[in-house]
Amino acid sequence: MTSKKKCLGIIYIIISAFCFAFMNAFVRLSGDLPSVQKSFFRNFVALIFACIILAKNRVPFRCQKKSNIPALLIRAGIGTLGILCNFYAIDHLVLADASMLNKMSPFFVILFSFIFLRERLTFFQGMAVFIAFIGSLFIIKPTFSNVEIFPAFLGLIGGMSAGAAYTAVRYLGQHGEKNPFIVAFFSGFSCAVTLPFLILDFHPMTIGQFLCLLGAGLSAAGGQFSITAAYTKAPAKEISAYDYSQIIFSAMLGFFLFGDIPDLLSIIGYVIIIAMAVLLFFYNNLWHNENK
């Protein structure tokens with residue numbers, strides 16, 4: 001792999017982090033709308049973009065193998081759960097806290113890939129996952145007196161669900177499914193699942209709220225396709241650490257838009273999780289390769 005491709009991969013993944021940080025901010029700015037309603041509009045915009053790309057590239061809207069259908073349903077179902085949990089956390093936590101809990105997903109990818117895809121898990125990787133989970137507890141602060149414990153745990157479940165969904169995406173990619181179809185299937189499934197709840201409990205929106213949800217959808221689409229471009233330029237293990245730049249963007253947006261200031265325990269949690277991500281980055285790229 002050339003250094004030019006790796007640099008492009010890094011640029012794309014930072015653009016993706018920037019887009020997802022704005023998606024979270026737009027979701028928060030849209031106000032007290034139900035998470036289901038926010039999820040529907042977010043995925044509806046992504047579905048339109050994915051269908052446009054499928055049409056442009058003349059990729060048929062069908063799976064390559066019938067044996068991939070269970071993985072597609074797992075990716076879509078668990079991914080929908082992850083979005084709903086993440087959006088609820090965004091509305092009830094400091095923006096950087098919600099983003100960081102969602103960024104536990106790479107560690108869960110390692111764990112789930114070991115359990116379900118039989119990928120090798122070294123002792124170092126296992127310890128990194130465990131220590132990162134300890135870091136998440138500093139953000140969650142699990143005490144009965146903590147009024148934010150419920151949204152914080154939902155934020156962690158959102159990160160876990162995203163990790164499971166990305167594991168399914170990894171499986172699908174290894175078995176011939178095209179990424180635009182995976183995105184379109186997930187977005188369409190999520191819209192279909194949330195539409196009945198949207199109809200039964202639709203909350204009228206102001207023009208401002210509608211524009212915020214449109215912004216969330218556009219930002220999500222930009223983030224999804226940027227991260228896809230990143231991973232086509234360079235392997236995940238070589239660039240994934242740069243995805244944590246989203247925490248910086250989210251912290252800045254949270255401070256300037258909502259006056260969010262993370263507490264000391266949350267900052268300690270950030271440091272622990274990011275440190276584990278950086279250590280895994282060096283381990284996967286340098287130390288582990290040298291010891292093979």
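See the structure above.
A. Region of interest: the packing of helix 2 (residues 35-56) against helix 3 (residues 69-92). Two elements in contact, helix 2 and helix 3, have axes separated by 9 Å at closest approach and are oriented at 120°. As judged from the angle between their axes, helix 2 and helix 3 are oblique. Regarding helix 2 and helix 3, the two cross each other, and that crossing is right-handed. Contacts from Ser 35, Val 36, Lys 38, Ser 39, Arg 42 and Asn 43 in helix 2 reach Ile 83, Leu 84, Phe 87, Tyr 88 and Asp 91 in helix 3. Class assignment for the residues of the contact of helix 2 with helix 3 results in five nonpolar, three polar and three charged.

B. Inspection of the packing of helix 1 (residues 3-29) against helix 3 at higher detail. Contact geometry of helix 1 with helix 3 gives a least axis separation of 9 Å together with a crossing angle of 65°. Considering their axes alone, helix 1 and helix 3 lie roughly perpendicular with respect to each other. Handedness of the crossing formed by helix 1 with helix 3: right-handed. Between helix 1, through Met 23, Asn 24, Val 27 and Arg 28, and helix 3, the contact on the second element is made entirely by Asn 86, Phe 87, Ile 90 and Asp 91. In terms of residue class, the contact of helix 1 with helix 3 is built from four nonpolar, two polar and two charged.

C. Broad picture of the pattern of salt bridges. The final tally for this structure, using the stated rule, is five salt bridges. Of the charged contacts in the structure, one is a salt bridge between Asp 243 and Lys 103, with a shortest N-O distance of 2.8 Å. In this pair, Asp 243 is assigned in the loop between helix 10 (236-239) and helix 11 (245-258) and Lys 103 in the loop between helix 4 (95-102) and helix 5 (105-116), connecting sequence segments 140 residues apart. Of the two residues, Asp 243 and Lys 103, neither departs from the other in class, the shared state being buried. Measuring nitrogen to oxygen at the nearest pair gives 2.7 Å for the salt bridge that ties Glu 119 to Arg 170. Residue Glu 119 is located in the loop between helix 5 and helix 6 (123-140), and its partner Arg 170 is located in helix 7 (residues 149-174); the two are separated by 51 residues in the primary sequence. On the basis of relative accessibility, which here comes to 23%, the residue Glu 119 falls in the partly exposed class.

D. Geometry of unusual backbone geometry. Its identity is not glycine, yet Arg 118 carries a phi of approximately 60°, on the positive side. With respect to the helices and strands, Arg 118 occurs in the loop between helix 5 and helix 6. Residue classification places Arg 118 among the exposed residues on the basis of a relative accessible area of 77%.

E. Region of interest: the layout of surface pockets. In this structure, the second largest pocket encloses a volume near 280 Å³. The wall of the second largest pocket is formed by 14 residues, among which Ile 74, Phe 116, Ala 164, Thr 167 and Ala 168 lie closest to the centre. With six residues, the top contributor of residues to the lining of the second largest pocket is helix 7. When the residues that make up the lining of the second largest pocket are grouped by side-chain class, the tally is 11 nonpolar, three polar and no charged.

F. Main features of the nonpolar core. Ranked by internal contacts, the top residues of the largest apolar core, which has 40 residues, are Met 100, Met 104, Phe 107, Tyr 244 and Ile 273. Phe 107 has contacts with Ala 128, Val 129, Ala 132, Tyr 244, Ile 273, Met 276, Ala 277 and Leu 280, leaving out every residue within four places of it along the chain. Grouped together as the second largest cluster of nonpolar side chains are 12 residues, Ala 50, Leu 172, Val 183 and Phe 225 included.

G. Highlighting the packing of aromatic side chains. Evaluated as defined, the whole model comprises 15 aromatic pairs. Centroid distance Phe 40 to Phe 44: 5.8 Å. Interplanar angle 10°. Geometry classified as stacked. Remark: Phe 44 and Phe 40 occur in helix 2; sequence separation between them is four residues, near one turn of the helix. Residue classification places Phe 44 among the partly exposed residues on the basis of a relative accessible area of 39%. Just above the ring of Phe 258 sits the side chain of Arg 28; from NZ or CZ to the centre is 4.4 Å. Directly above the aromatic system of Phe 186 lies the positively charged group of Arg 75, at a separation of 4.0 Å from the ring centroid.

Criteria and thresholds
- Residues numbered from 1 in each chain as written.
- Predicted model: local features only at pLDDT ≥ 70, side-chain atom pairs only at ≥ 80, totals over all residues.
- Heavy atoms only, no water.
- Axes fitted to C-alpha atoms, helices over the stretch in contact; angles between N-to-C directions.
- Helix = DSSP H or I, 4+ residues; strand = E, 2+ residues; numbered from the N terminus.
- Parallel < 35°, antiparallel > 145°, perpendicular 65-115°, else oblique.
- Left-handed = near helix turned anticlockwise from the far one by under 90°.
- Contact = heavy atoms within 4.5 Å.
- Nonpolar A, V, L, I, M, F, W, Y, C, P; charged D, E, K, R; others polar.
- Salt bridge = Lys/Arg side-chain N within 4 Å of Asp/Glu carboxyl O.
- Buried < 20%, exposed > 50% of the residue type's maximum accessible area, 1.4 Å probe, protein only.
- 1 Å grid on protein atoms, 1.4 Å probe; cavity = no way out; pocket = protein on both sides within 12 Å on 5 of 7 lines; lining within 4 Å.
- Points joined across faces, edges and corners; volume = space filled by probe spheres on them.
- Core = buried A, V, L, I, M, F, W, Y, C linked by side-chain atoms within 4.5 Å.
- Phe/Tyr/Trp six-rings, centres within 6.5 Å; stacked < 30°, edge-to-face > 60°.
- Lys NZ or Arg CZ within 6 Å of the ring centre and 35° of its normal.

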